[in-house]
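Secondary and tertiary structure notes
Residues per chain, in single letters:
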Amino acid sequence: MARIDLGVATGVLATFLGSDPIRVGGTPEQQAHWMGRLAEEGLLMAYGATEPAAGSDLGALKTRAEPVRENGEIGSYRITGAKQWISNGGFADLYTVLAMAPGGPSWFVVEQGTEGLSHGQPEDKHGIRASNTAAVLLDDVEVPAHHLLGLVEGQGLVQAQRVFGYTRLMVASFGLGCGWAALDRAIDYSLERKQAGSTLSEKQGYTHKLIVPHVIKLEAGRAYIEETARRIDDGEGILNTEGAIAKYFSTEAGNAAAEAAIQAHGGYGYTKEYMVEKMKRDVRITTIYEGTSEIMEMTIGRDRWQEHLKTRGEYYHDRAKGLEALHSARPEIGAGSAALASHALATVMERCRIARLTRNQHVLFKLGALIAWTECAGALAMRARDAIENRLDEKADKRFSADALCAMARIMSRETAMKVAAEGMKMVTGAQNETSAGFTDALHFGEIVQSQAGSIDDMNYIADVIYGRN
Ligand SMILES: Cc1cc2nc3c(=O)[nH]c(=O)nc-3n(C[C@H](O)[C@H](O)[C@H](O)COP(=O)(O)OP(=O)(O)OC[C@H]3O[C@@H](n4cnc5c(N)ncnc54)[C@H](O)[C@@H]3O)c2cc1C
């Protein structure tokens, strides 16, 4: 859907988001009632969590749900407050609203038409203009007590957390779809547009800056999304950290790809007719809603930091060992470089622990970013292996051959290893105000540099694949 129009995709997402608190938090009777009506009546939903003063920090919410007692029993709740930036806010038939009850934040179902419920004008947005976004106002809105999801107060934030794994995966897919749609336009354009005697697709300086790196990052994002989706389907749990990694990496990649697609069209890209500027405006939202990229960096950094501590620093060394075993069996998938990245990450994290550098929020966020890169590089290597061994899921995207995925995985892993080492060194040295003794050796910097051999050949090959030259 996001390939076609991210605004429409957002309208659909809002019904999923809106019904999630029912799906994860409702009693069986509430689920049967509301989900049944959703299916039978085709109801549109909206998810009302954000408030003017409670965005990334939902705990700061001010909307109140006051119990109304009848004969000592709670018969209903009166909800008062304001919700901000609500997708489908002006159109929904049903709203799930997060409000502070005496027992803590709780989800309530509110039907359109309930007295006291109103909405603001549609927001005049930068992009996703096909999606309605509006403030939702609740002025003493009375709902029966059985509209409290789960019938127990205070479960709201836990219920919201329980769906982030896959709701963030949905937004990750939006970044992937819209980023690819823009890049495909740039690819087509560069096959037609001639400058200095040949098409742009023939020019290495153009393809290796504006096309190839974006293809690789989007495919690394796809590998991580599909792997996480499969794990969620297999019942491995809610996988919130993985959802955050998928969202962070794929939406940043989609955004960068759409930006490059404008550049790839030159002046034409800057006009509405060529559509890429519209896609760029649309995809921009994906790094903001469902948790901003910075909140994703914080979540990823915090969660994996706990794993680092729990395993006494071995978490990413252990992952690296798995990748080294993979490299021995399949040297062509770049797992050796992915292992170097993973070891380097473990080393950087350990230096941060010893010098207590995560007291700097910047360090924690930066670690979150490096973790996302490292895990996505590993996922792309695994996907290349699965492609070679014909083990890709039947629903997996098959646009690229196993050989192409191998070359992409090699490029992604090399780049990640270099990024983790260089940015890790910069960050640790910058935060400590001195060079960490023996750091470059501990990072295996020499090996990481050596592993860059073959990068340009691989990029040439990927350009040939994209343009059908082989
Ligand atoms: C088009 C659109 C549709 C939306 N749809 C919905 C919807 O359907 N339902 C819903 O409930 N919400 C929705 N939202 C809200 C969206 O999820 C929030 O806008 C988003 O979570 C960010 O909150 P905020 O806008 O208050 O920004 P803030 O939280 O104020 O963030 C501002 C900046 O500060 C950074 N920041 C925030 N906290 C920290 C911190 N602790 N440390 C460091 N940096 C920080 C952020 O990364 C960001 O760069 C929508 C928003 C938009 C724009």
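A brief report on the enclosed structure follows. Residue positions are given per chain, counting from 1 as you read along its sequence in written order. Owing to the predicted nature of the model, reporting of local features is limited to residues with pLDDT of at least 70; listing and counting of side-chain atom pairs is limited to 80 or more, with chain, interface and lining totals taken over all residues. Computation of side-chain values covers all heavy atoms of the structure but excludes hydrogens and water.

**Remarks on the packing of helix α4 (residues 164-192) against helix α6 (residues 240-264)**
Convention followed: Throughout, an axis means a line fitted to C-alpha atoms (over the contacting stretch in the case of helices), and angles, computed between N-to-C directions, take values from 0 to 180 degrees. Put simply, DSSP marks the helices as runs of H or I at least four residues long and the strands as runs of E at least two long, and each gets a number from the N terminus on. If an angle is under 35 degrees, it is roughly parallel; if it is over 145, roughly antiparallel; if it lies from 65 to 115, roughly perpendicular; otherwise it is oblique. Crossings are sorted by hand: turned counterclockwise from the far helix by less than a right angle, the near helix makes the crossing left-handed, and turned clockwise it makes it right-handed. The classification used treats Ala, Val, Leu, Ile, Met, Phe, Trp, Tyr, Cys and Pro as nonpolar, Asp, Glu, Lys and Arg as charged, and all other residues, Gly among them, as polar.
One can describe the packing of α4 onto α6 by two numbers: an axis separation of 7 Å at closest approach and a directional angle of 20°. With respect to their mutual orientation, α4 and α6 come out roughly parallel. Note on packing geometry: the crossing formed by α4 with α6 is left-handed. Considered class by class, the residues forming the contact of α4 with α6 number 15 nonpolar, 8 polar and 2 charged.

**Quick notes on the pattern of salt bridges**
Heads up, the condition is: Every case where a carboxyl oxygen of Asp or Glu lies within 4 Å of a side-chain nitrogen of Lys or Arg is listed as a salt bridge. Only protein chains enter the calculation, and the probe is 1.4 Å; a residue is then buried if its accessible area is under 20% of its type maximum, exposed if over 50%, and partly exposed in between.
If you walk through the whole model with that rule in mind, you get 36 salt bridges. Note that Arg37 and Glu111 form a salt bridge whose closest N and O atoms lie 3.3 Å from each other. Within this pair, whereas Arg37 is found in helix α2 (residues 28-41), its partner Glu111 is found in strand β5 (residues 104-111), the two being separated by 74 residues in sequence. Its relative accessible area of 19% is what places Arg37 among the buried residues.

**A closer look at the nonpolar core**
We apply this condition: Definition of nonpolar core: a set of buried residues of the types Ala, Val, Leu, Ile, Met, Phe, Trp, Tyr and Cys, connected through side-chain atoms within 4.5 Å.
Counting residues in each nonpolar core, the largest one holds 124 residues, and the members touching the most others are Ile211, Cys352 and Met412. Grouped together as the second largest cluster of nonpolar side chains are 19 residues, Ala46, Ile79, Ala99 and Leu117 included.

**A few points about a nonpolar patch on the surface**
Note the cut-off: Exposure above 30% relative accessible area and the lack of any salt bridge qualify a residue for a patch; like charges then connect within 9 Å, and the nonpolar side chains Val, Leu, Ile, Met, Phe, Trp and Tyr within 5 Å. Here the accessible surface of atoms and residues is derived via Shrake-Rupley with a 1.4 Å probe, and residues count as covered only by protein chains that are part of the display.
Together, Met1, Val8, Val12 and Phe16 make up a nonpolar patch on the protein surface, roughly 360 Å² of accessible area in all. Mapped onto the elements, Val8 comes out in helix α1 (residues 6-25).

**Some remarks on the side chain of Arg383**
Let me state the cut-off plainly: Throughout, a contact is declared for two residues whenever any of their heavy atoms are within 4.5 Å.
Position of Arg383 relative to the elements: it lies in helix α11 (residues 361-388). Setting aside residues up to four positions removed in sequence, Arg383 forms contacts with Arg222, Ala223, Glu226, Leu392, Ala396, Asp397 and Leu405.

**Notes on the site of the ligand**
As a reminder of what qualifies: Consider each residue's heavy atoms; a residue with any of them within 4 Å of a molecule or strand counts as near. Between N or O atoms, a polar contact is any pair within 3.5 Å; within protein, one atom must be a potential hydrogen donor and the other a potential acceptor, and residues adjacent in sequence are included only when both atoms are from side chains. For the domains described, the bounds stem from an automatic or database domain assignment.
Around the ligand, the surrounding shell holds 20 residues, and the nearest of these are Tyr47, Thr50, Ser56, Thr292 and Glu294. Within the backbone of Tyr47, an N or O atom sits 2.7 Å from a nitrogen atom of the ligand. For the ligand, a nitrogen atom lies 2.9 Å from a polar atom in the backbone of Trp85. Protein contacts shield 69% of the accessible area of the ligand, which totals 980 Å² for the unbound molecule. Within the residue set of the shell around the ligand, elements represented by two or more residues are β3 (73-87), α8 (293-310) and α11. For the shell around the ligand, the leading source of residues is β3, giving 3 residues. A per-class count over the shell around the ligand returns 10 nonpolar, 7 polar and 3 charged. Each of domain 1 (6-151) and domain 3 (293-466) gives at least three residues to the shell around the ligand.

**A look at the side chain of Ser190**
Tracing the backbone shows Ser190 in helix α4. On the basis of relative accessibility, which here comes to 0%, the residue Ser190 falls in the buried class. For Ser190, the residues in contact, after removing those within four places along its chain, are Thr199, Leu200, Ser201, Tyr206 and Tyr467.

**Some points on the pairing of strand β4 (residues 94-101)**
So the rule is basically this: Whether two strands pair depends on DSSP finding at least two bridges between them.
Within β4, 7 of the 8 residues are buried, which leaves the element mostly enclosed by the surrounding structure. Here strand β1 (residues 45-48) pairs with β4 via 4 bridges, running parallel. Counterpart to Tyr47 in the pairing with β4 is Thr96. Where β4 hands over to β5, the hairpin turn is made up of 2 residues, counted between the paired strands.

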